[in-house]
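# Summary of the model geometry
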Amino acid sequence: MLISFQPSITVVRLELPGEPYLVHPLEVSEILADMRLDETSVATGLLHDVVEDTLVDLDTIRSYFGDQIALLVDGLTKIANISDLSKEKQQAENVRKMVLAMTTDVRVVLIKLADRLHNMRTMQFLKPEKRARISQETLDIYAPIAHRLGMGKMRSELEDLSFQNLYPDEYKRLAREVDARRPELEAALEKIKATIAEQLTENEVPYVEIQGRVKRLYSLWKKLKKQKIMIEQVYDLIAARIITENDRKYCYLTMSVIHNIWTPVPERFKDWIAIPRDNLYQSLHTSVIGDGGQPFEVQIRTQEMHQIAEEGVAAHWKYKDNDLGAKEEDDALDALRRTVEKLLLPLVQNNEDHEDSEDFVETLKLDLYPKDVYTFTPKGKVIQLPRGSTPIDFAYAIHSAVGDSCTGAKINGRIVPLRSEIQNGDVVEIMTTANSKPSGDWLNHAITSRARNRIRHFISLEQRIESVEIGRKLLEKEAEKFRIPAKKFIHNNIELKRIANEYGLGRPEDLFASVGYGKTLPRNVIAKFLGAEKFKELDPDGQKETRLKTATKAVRRFIGMEDGIVVRGVDNLLINRAKCCNPLRGEEIIGYISLRKRYRGSQQAVQERLSVNG
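Residues numbered from 1 in each chain as written. Predicted model: local features only at pLDDT ≥ 70, side-chain atom pairs only at ≥ 80, totals over all residues. Heavy atoms only, no water.

### Here's the deal with the overall build of the protein chain
Along the backbone of the protein chain there are 26 helices and 13 strands. Out of the 614 residues belonging to the protein chain, those deemed buried represent 46%. Taking as baseline every contact in the protein chain between residues at least 6 positions apart, the subset at least 24 positions apart corresponds to 65%. About 32400 Å² of surface is accessible on the protein chain, with carbon and sulfur atoms providing 49% of the total. (Helix = DSSP H or I, 4+ residues; strand = E, 2+ residues; numbered from the N terminus. Buried < 20%, exposed > 50% of the residue type's maximum accessible area, 1.4 Å probe, protein only. Contact = heavy atoms within 4.5 Å. Areas by Shrake-Rupley, 256 points an atom, 1.4 Å probe, with all protein chains shown as cover.)

### Some thoughts on the sheet that holds strand β13 (residues 428-432)
Overall, antiparallel pairing links the three strands, which are arranged β12-β11-β13 in an open sheet. Both edges of this open sheet fall to β12 (414-416) and β13, since each of them pairs with a single strand only. Here the average twist between neighbouring strands, direction ignored, is 35°. Bridge count for strand β11 (residues 406-411) against β12 is three bridges, and the pairing is antiparallel. When the bridges of β12 are listed, Ile411 appears paired with Arg414. Running over the sheet, helix α17 (residues 391-398) touches β11 and β13 and is turned about 80° from β13. (Pairing = 2+ DSSP bridges. Axes fitted to C-alpha atoms, helices over the stretch in contact; angles between N-to-C directions.)

### A look at the environment of Arg181
Looking at the secondary structure, you find Arg181 in helix α10 (residues 168-202). Under the relative-accessibility criterion, Arg181 is labelled buried at 19%. The contacts of Arg181, once residues within four sequence positions are left out, are Ile231, Glu232 and Leu237.

### Regarding the nonpolar core
Membership of the largest hydrophobic core comes to 39 residues, with the highest contact counts inside it found for Ile196, Leu220, Ile242, Ile258 and Ile300. Only α9 (152-166), α10, β3 (209-214), α11 (217-227), β4 (238-244), α12 (248-261), β7 (284-289) and β8 (295-302) provide two or more residues apiece to this core. With nine residues, α10 is the single largest residue contributor to this core. Those residues within four positions of Ile300 in sequence are excluded, and the remaining contacts are Ile242, Thr244, Cys251, Thr254, Met255, Ile258, Ile273, Ser283 and Leu284. (Core = buried A, V, L, I, M, F, W, Y, C linked by side-chain atoms within 4.5 Å.)

### As for the environment of Glu159
Tracing the backbone shows Glu159 in helix α9. According to the relative accessible area criterion, Glu159 is buried, its value standing at 6%. Here the alpha-carbon distance between Glu159 and Pro144, two residues 15 residues apart in the chain, equals 9.2 Å. Residues within four places of Glu159 in sequence aside, it is in contact with Leu139, Ala143, Arg216 and Tyr218.

### Examining the pattern of salt bridges
Evaluation of the coordinates by the stated rule reveals 20 salt bridges. Two residues, Arg116 and Glu137, come together in a salt bridge whose shortest N-O distance is 2.8 Å. Here the residue Arg116 occupies a position in helix α7 (residues 107-121), and Glu137 occupies one in helix α8 (residues 128-148), the gap between them amounting to 21 residues. Considered together, Arg116 and Glu137 belong to a single accessibility category, that of buried residues. A salt bridge links Lys191 to Asp291; its shortest N-O distance comes to 3.7 Å. Remark: Asp291 occurs in the loop between β7 and β8 and Lys191 occurs in helix α10; sequence separation between them is 100 residues. Across the pair, exposure class does not vary: Lys191 and Asp291 are exposed alike. Beyond isolated ion pairs, a larger network of salt bridges with shared partners links Arg155, Glu159, Asp160 and Arg216. (Salt bridge = Lys/Arg side-chain N within 4 Å of Asp/Glu carboxyl O.)

### Brief notes about the packing of aromatic side chains
For any two aromatic rings, the description comes down to two numbers: the centre-to-centre distance and the angle of the planes. The full count for this structure, using the stated rule, is eight aromatic pairs. Taking the centre distance of 6.5 Å and the plane angle of 45° together, the rings of Tyr64 and Phe65 count as tilted. Judged by relative accessible area, which is 30%, Tyr64 ranks as partly exposed. On the basis of an interplanar angle of 70° and a centroid distance of 5.5 Å, the ring pair of Phe163 and Tyr171 is categorised as edge-to-face. For Phe163, a relative accessible area of 0% gives the class buried. (Phe/Tyr/Trp six-rings, centres within 6.5 Å; stacked < 30°, edge-to-face > 60°.)

### Structural notes on α7
With 15 residues, α7 ought to run about 21 Å at 1.5 Å a step, and its terminal C-alpha atoms sit 21 Å apart, in line with that. In terms of residue burial, α7 counts as a mostly covered element, since 13 of its 15 residues are buried. (Expected span 1.5 Å × (residues − 1).)

### Focus: the pairing of strand β10 (residues 382-385)
Only one face of β10 is buried: it carries Ile383 and Leu385, and the other face, with Val382 and Gln384, is open. Taken together, the four bridges between strand β9 (residues 373-376) and β10 define a ladder with antiparallel strand orientation. Bridge pairing in β10 links Tyr374 to Gln384. Linking two consecutive strands that pair antiparallel, namely β9 and β10, is a turn of five residues; a positive phi of about 95° is found at Gly380 within it.

### A few points about unusual backbone geometry
Of note in this structure, Arg36 is not a glycine but carries a positive phi near 60°. Note that Arg36 resides in the loop between α1 (23-34) and α2 (39-47).

Laid out in structure tokens, this is it:
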């Protein structure tokens, strides 16, 4: 099949699964046009698969369409030729590339969402296992990204399509149950809408539109599963949405009218106008008991709030009809940039230390889910955190320095343990001490990636400092055996740097740390320092081999290698096994991190190592 973009550029695709190749890019471009994105985005929608699926390279795209489109296409092109990685790691690497690219230009993720939406609409051409894999990825990554960008319509369709492919039996069962009740529900909605319109008119409260909806199947299924309730107990199975003129005072006037008509359900009122969600969503939500005891939800928002709720950041795009992709530098685009910086940059900054792509994606999943706990500092600043957060997360959300120096916390004026879970509306005060340091035990209680990454970084730094000191002392003791003065060896930065480079390390401190961790044997460092002939002259009979083996055994015991104990998820962890711990192969081992205990164990191992060398 041949597709011509210009007379002199021809694209050839070798395989066509399910439908003609041109259909997909055209559908993606139509979705982008419906979102009212700029010409550059629509053009990229047509070209987004060209480099990945055809013989055309990125340089050709750049020469014909310019740097801007080439940059977007590159951000959307999957990483190829990484056959040494598993399928899961390849998938993780591509997600990582896309997330990093979208911080440069948010259009990357908007086009990717349009691409994924059309893929989800045409899943019938794929094998069941591939449908399940793509649907799970959509549910884990792309639907939450759409939510974080405030794109409610996009998120809803992605979630429902994923639900349909992942759990077809439950989807069909729930769809039948809702369809059986639909005539009754829609009749109730029409009556509710008529009552609201009549009362708003009577009270002279202006409104633009009144909508009604039945709860989406995925959202309903998730609530039924989480709360273990029957469908009759769902308060928001049906909902009325009132859209007012663009003045928030009409929202609150409408709310008073609603509560005057029906009895509100206690603790079911949410004011997302006074405190917008992190994706800029604003609306008033309340649940009331209607006629016949039928509970339902009412959402109230202005026209502008409704547009943001449905389209998110895409609602901010404006463009001119002249140069390709040119955009007006107006307040709307400034708002867009602020939105992207607020929503997307923290995701990358929180995850940029994850060298492993799968760890990156797992942490990204946690960061993408909605943050529903709103707390306050004593001065009234709102801090938004995930459910289950503790004062440790709160402290690091304020500033890394506050988290590092945290020694205690007060919630609503009462001193509480740092493991306490923060509730919505709590006023949290963090107590700090100048010389305080994070504890490894905090990892058991912190849930935000910002807090956990900072704690891990500090622990790793502390371990390195200890290992550098241990390595230095081990090398000093080894040098004494060969009658090498410490000043000539330990303080010879030029030679130590040369030896470090031979091990692929950059600085003498890195060499000391490697020795301290047990990765490099002191004897081998001395051999490189003296040279082969000099080393053999000072150790001609090899009698010291026995002492070396004994010393190595001590070092291996020091770093937890003697019994083959491996702590997954942590590299270079200094391990001490309790004397009472004599596990058999296959038995579980429980361990804990303690900076003080680890320090004492490290010193003990150093003394043991030094005494063996002596």
